[in-house]
Amino acid sequence: MEVGGEEFAIGVVISAKTTLGEEFEGQIVAFDRPSNLLVIHEGVGRAERGERRNVRVLKANYIREFSVVSKGDDPLDPAGCMLDLDAIYAREEAALRQAEIDAERIGVGVTPEAQSIFDALSKTLPVQWDKTDIVVMKEVRVRSPYMPENVSGGTAAANERVKKVIDFERKRLHARVPGLS
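In this text, all values refer to a predicted model and were calculated from it rather than measured experimentally.

Student: Explain the packing of aromatic side chains here, please?
Tutor: A ring pair, where both rings are aromatic, is described by two values, the distance of the centres and the angle of the planes. With the rule as written, the count across this model stands at one aromatic pair. For the ring pair phenylalanine 118 and tryptophan 129, a centre distance of 4.8 Å and an interplane angle of 10 degrees mean the geometry is stacked. In this pair, phenylalanine 118 sits in helix H2 (residues 112–122) while tryptophan 129 sits in strand E6 (residues 127–130), placing the two residues eleven residues apart along the sequence. The exposure classification of phenylalanine 118 matches that of tryptophan 129, with both residues buried. Here arginine 56 stacks its cationic end above the ring of phenylalanine 24, 4.0 Å away from the centre of that ring.

See the structure below:
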């Protein structure tokens, strides 16, 4: 196998078998001679059908055997790139919404113990932060220092449920980190 030869020219579509016995077909997008790395775009032709494609990066010496299937178009030609910008923008918007949701779950100015209690409550109940207070089910409030006796509001059943979770989480934290009060 001649690594710097015509076979590894950009745009060539190859069928390859790796030293691990894996077989694939794809178009060479790049070859870095100093690192001996090949970038291969699998699934040539799938973009036109709206399917996803893989990009495989591997050392050329991991290819046991290969054959040239055809000479494709320049894979780096911007005119030939098919991007669904609407899908990209939708994924970006979804990621931003999720980041905002995740950020709201982090208490500002609270102890790690308070955050652990919040996280434990959030596993089974709807919770949110109101400054340093934990609000459970929009009716039960847990104030610092986040002990069962600091639970107020809501129905008696809701109060008992929240107190039970706090008590269990505090015991779990004490077992893990001795010395917490």
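There's more to say after this.
Student: How should I be thinking about the nonpolar core in this particular structure?
Tutor: The nonpolar side chains of soluble globular proteins are, as a tendency, buried together. Leu121, Ile134, Val136, Val142, Tyr146, Val162 and Ile166 are the most contacted members of the largest nonpolar core, which totals 18 residues. Looking at this core, the element that brings in the most residues is H2, giving five residues. The contact partners of valine 136, leaving out residues within four places of it in the chain, are Leu121, Leu125, Pro126, Val127, Val142 and Val162. Grouped together as the second largest cluster of nonpolar side chains are twelve residues, Ile28, Phe31, Leu38 and Ile40 included.

Student: Would you explain the pairing of E6 in this entry?
Tutor: Within a regular strand, side chains alternate between the sheet's two faces. Every second residue of E6 is oriented toward a common face, the buried set being Val127 and Trp129 and the non-buried set Gln128 and Asp130. Across four bridges, the pairing between E6 and strand E7 (residues 133–136) is antiparallel. Paired with tryptophan 129 across the bridge in E7 is isoleucine 134. Taking the residues that link successive antiparallel strands as the turn, the E6-E7 hairpin has two residues, and the phi of lysine 131 there is positive, at about 60 degrees.

The rules behind these values
- All chains use their own residue numbering, which begins from 1 and follows the written sequence.
- Totals for whole chains, interfaces and linings use every residue, but because this is a predicted model, local features are given only for residues with pLDDT of at least 70 and side-chain atom pairs only at 80 or more, for both listing and counting.
- Side-chain measures were taken over the full set of non-hydrogen atoms in the model, leaving aside hydrogen atoms and water.
- What counts as a ring pair is set by centres within 6.5 Å for rings of Phe, Tyr and Trp (its six-membered ring), and what kind of pair is set by the plane angle: stacked under 30 degrees, edge-to-face over 60, tilted for all other angles.
- Working definition: helices are DSSP H or I runs of at least four residues, strands are E runs of at least two. Numbering for both runs from the N terminus.
- Only protein chains enter the calculation, and the probe is 1.4 Å; a residue is then buried if its accessible area is under 20% of its type maximum, exposed if over 50%, and partly exposed in between.
- When the NZ atom of lysine or the CZ atom of arginine is within 6 Å of a ring's centre and also within 35 degrees of its normal, the charge is said to sit over that ring.
- Think of a nonpolar core as a cluster: buried Ala, Val, Leu, Ile, Met, Phe, Trp, Tyr and Cys residues, connected wherever their side-chain atoms sit within 4.5 Å.
- Pairs of residues are marked as contacts when any of their non-hydrogen atoms sit within 4.5 Å.
- Here, strands pair whenever DSSP counts at least two bridges between them.

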